[in-house]
Amino acid sequence: YKLSVAPEMDIMEYCRKEWRGSTPVAKRMRKGYEAVAQKFASIRRVRGDNYCALRATLFQALSQATQLPSWLQSEDFAMLPENLLRKYDWIKQWQLKQKLGRKMGEISDEIKEYVILLRKKWKNISEIKDPVEKQEACDKLFKNEEEEYSLYEALKFLMLNTAIKLYNDDKNGRRVPVFSWLLFARDTSSDPCQLMHNHLNHIGHSGGLEQVEMFLLAYALQYTIQVYRLYKYSTDEFITLYPNDPEEDWPVVTLITEDDRHYNIPVGMCQETML
């Protein structure tokens, strides 16, 4: 198995290798990397398939997890797939990742297996006190393709659950974050069913996460995702927070992107885990 998240490499060394030229773009990227290097010593490259936003976010969250998030602790967490399917028949068209040599069971059983796996892995890794051991456990998990891709299915399902909640809250006149309006203002996702069909079902297969879906991921995990967007260097959007008005008690994970499509991970040095 190849590791989905490559070993650490010095951040400026990486930058020099990737951005040699003297084009305006190369100069801007170098400036961006220099700014990131003020805070972080190294970078870990993330495998560049259409899961990379989920992979980078989950890897960072697990790497610094010291406890199980409260939403993962709730009694009825494992019942989520059945409960949602009971209410929304259209979820039966969820696009499950194809497992080799295995017949598909009930869709709710499959997804239940994934969400339980997510809780188990998060719990086990968060209980490891030694930072080196914790990192080894993360590396091991992200070498196991079967488990790794199951975790992404769980994350996508949690994103769907969050979208349904936000959609219903809005319909019932409750306050929702601004990104929720943007999410459902798209022609391709005017309700959660369309969001599933046209977006979530394609993540990992034919597309990655769009900007507005980064907000949805942050809300689903109750994490603030801080992203250094290198091509936006020297603008207000160089460091972007999802959500942009984060809850104070949400932990923070940091990612780097050169183009809003592929994400890598900065590591080492003075990582702030809280904003």
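None of these values were measured; they are calculated from a predicted model. Along each chain, residue indices are assigned from 1 in the same order as the chain's sequence is written. Restriction of local features to residues with pLDDT of at least 70 applies here, the model being predicted, together with a cutoff of 80 or more for giving and counting side-chain atom pairs; totals for whole chains, interfaces and linings are based on all residues. To get the side-chain values, all heavy atoms of the structure are used, and hydrogens and water are removed first.

S.K.: Help me understand the UniProt feature "site: Linear diubiquitin binding" (unreviewed entry) in the chain in this model?
M.R.: UniProt positions are given in the numbering used here, feature names are shortened, and annotations may be inferred rather than shown by experiment. Taking the UniProt record as the reference, the feature "site: Linear diubiquitin binding" (unreviewed entry) is found at E237. Residue position: E237 is located in the loop between strand 3 (224–229) and strand 4 (239–242). Only protein chains enter the accessibility calculation, which uses a 1.4 Å probe; a residue whose area is less than 20% of its type maximum is buried, one above 50% is exposed, and one in between is partly exposed. Given the relative accessible area of 38%, E237 is considered partly exposed. Between N or O atoms, a polar contact is any pair within 3.5 Å; within protein, one atom must be a potential hydrogen donor and the other a potential acceptor, and residues adjacent in sequence are included only when both atoms are from side chains. Here the side chain of E237 touches R229 through a polar contact of 3.4 Å, side chain to side chain. Going along the chain from the N terminus, every DSSP run of H or I of four or more residues is numbered as a helix, and every run of E of two or more is numbered as a strand.

S.K.: Which parts of the structure should I look at to understand the pattern of salt bridges?
M.R.: Opposite charge on two side chains lets them pair, provided their charged atoms get close. The rule for a salt bridge is simple: a side-chain nitrogen of Lys or Arg has to be within 4 Å of a carboxyl oxygen of Asp or Glu. Per the counting criterion, the structure on display carries 16 salt bridges. R174 serves as the salt-bridge partner of D169, at 2.7 Å between the closest nitrogen and oxygen. Residue D169 is classed as partly exposed on the basis of its relative accessible area, which comes to 23%. R174 gets classed as partly exposed once you look at its relative accessible area, which sits at 47%. Look at the salt bridges and you will find they share partners, linking R229, K232, E237 and D260 into a network.

S.K.: What's the story with the UniProt feature "active site" (unreviewed entry) in the chain in this structure? I'm lost.
M.R.: UniProt's entry tags D49, C52 and H262 with the feature "active site" (unreviewed entry), counted in the numbering of this structure. What stands out for the annotated residues spanning 214 residues is how close their C-alpha atoms remain, the widest pair being 8.3 Å apart. Mapped onto the fold, D49 is located in the loop between strand 2 (42–44) and helix 3 (52–63). Looking at where H262 falls in the secondary structure, it is placed in the loop between strand 5 (252–257) and strand 6 (263–267).

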